[in-house]
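Now for the letters of each chain:
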Amino acid sequence: MADPLQIKRPESLSKIAEDHIRQAIVTGTFRLGESLQEAKLSELMGISKTPIREALAALNLQGLVQVIPHRGAFVFSLSQDDVVQLCRYRLILETAALNQALAADRDALLAELDDIVSKMSDARAANSFEQYLKFDADFHDAFFRHCGNNYLRDGYQKVGDIVRTMRTYLSRRSERTAKSFKEHEAIAALLHEGKVKPAKDVLKRQITRGERSYSDLIGVK
């Protein structure tokens, strides 16, 4: 039993900076390919450059930041081929996780998907874009929470923040969010009906949208 008087150690400044920069990248505050200058980040966050440098190094290892020698740190960018490979990797992982989650505990998975779809609906009604994106991510994460396979979970977690960043860019237009919501509703409904193959077809169409909408990621009008 933990000592109730034990004081929880505060997070380091570098970890706090890492979390703030990560959130700014995922939500699109820092744009893809944008320069991340230590001096500006230090001034913005009110801390020294050292924890900023440590945060950028950590995010570089996670793929969210690209450090270029003699030039500095930048928000990651994706070529069209990168997007194609990422979408196909994600499709392989999510399909496998969905299969295993249905086999391991179908009822628990479907109950959670229903709950998330309901929350997505509430977020749309409240015009809360960031909340909607959070629940969108939760929907796909549910496959991994119920699949019982740590290797699948770890594989998806490695690209999770990049996927969330892509989702931000691909869902900005209201018609995209409406389409996304209908697809999540359809996946949950089809799984309830035992129509796994049609549900996977909808999932595939949704995941591979990035391949067909590359211009939205790089800001081409």
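This text goes with the structure placed above it.
What comes next is a walk through the structure. (Residues numbered from 1 in each chain as written. Predicted model: local features only at pLDDT ≥ 70, side-chain atom pairs only at ≥ 80, totals over all residues. Heavy atoms only, no water.)

1. A short note on the overall build of the chain
Consideration 1: Helix and strand counts for the chain stand at eleven helices and three strands.
Consideration 2: Helices and strands appear in the chain in the N-to-C order α-β-α-α-β-β-α-α-α-α-α-α-α-α.
Consideration 3: Overall, the chain is about 55 × 55 × 35 Å in size when its C-alpha atoms are taken along their principal axes.
Consideration 4: For the chain, buried positions account for 44% of its 221 residues.
Consideration 5: Accessible area of the chain: about 12400 Å², with a carbon and sulfur share of 53%.
Consideration 6: For the chain, the distance from the average position of its 33 positive side-chain charges to the average position of its 30 negative side-chain charges is 5 Å. (Helix = DSSP H or I, 4+ residues; strand = E, 2+ residues; numbered from the N terminus. Buried < 20%, exposed > 50% of the residue type's maximum accessible area, 1.4 Å probe, protein only. Areas by Shrake-Rupley, 256 points an atom, 1.4 Å probe, with all protein chains shown as cover. Lys, Arg positive; Asp, Glu negative; His and termini not counted. Charge placed at Lys NZ, Arg CZ, Asp CG, Glu CD.)

2. Points about the sheet that holds strand E1 (residues 35–36)
Consideration 1: The strand order across the open sheet formed by three strands is E1-E3-E2, and the pairing between neighbours is antiparallel. Each of the sheet's edge strands pairs with one partner strand only, and the pair in question is E1 and strand E2 (65–68).
Consideration 2: Packing against the sheet, helix H3 (residues 49–61) makes contact with E1, E2 and strand E3 (72–75), and its axis sits at approximately 110° to E2. (Pairing = 2+ DSSP bridges. Contact = heavy atoms within 4.5 Å. Axes fitted to C-alpha atoms, helices over the stretch in contact; angles between N-to-C directions.)

3. Details of the pairing of E3
Consideration 1: Taken together, the two bridges between E1 and E3 define a ladder with antiparallel strand orientation. Residue pairing across strands places Leu36 opposite Ala73, the latter belonging to E3.
Consideration 2: Of the pairings in the sheet, the one linking E2 to E3 comprises four bridges and is antiparallel in character. Considered in E3, the bridge of Gln66 is made with Phe74.
Consideration 3: The antiparallel hairpin formed by E2 and E3 contains three residues in its connecting segment, where His70 sits at a positive phi of about 70°.

4. Regarding the packing of helix H1 (residues 13–26) against helix H7 (residues 160–170)
Consideration 1: Closest axis-to-axis distance for the H1/H7 pair is 8 Å, and the angle between their directions is 40°. Comparing the axis directions of H1 and H7 gives the class oblique. Every residue of H7 that contacts H1 at Arg22, Ile25 and Val26 is listed here: Asp161, Arg164, Thr165 and Thr168.
Consideration 2: Residues that form the contact of H1 with H7 fall into these classes: two nonpolar, two polar and three charged. (Parallel < 35°, antiparallel > 145°, perpendicular 65-115°, else oblique. Nonpolar A, V, L, I, M, F, W, Y, C, P; charged D, E, K, R; others polar.)

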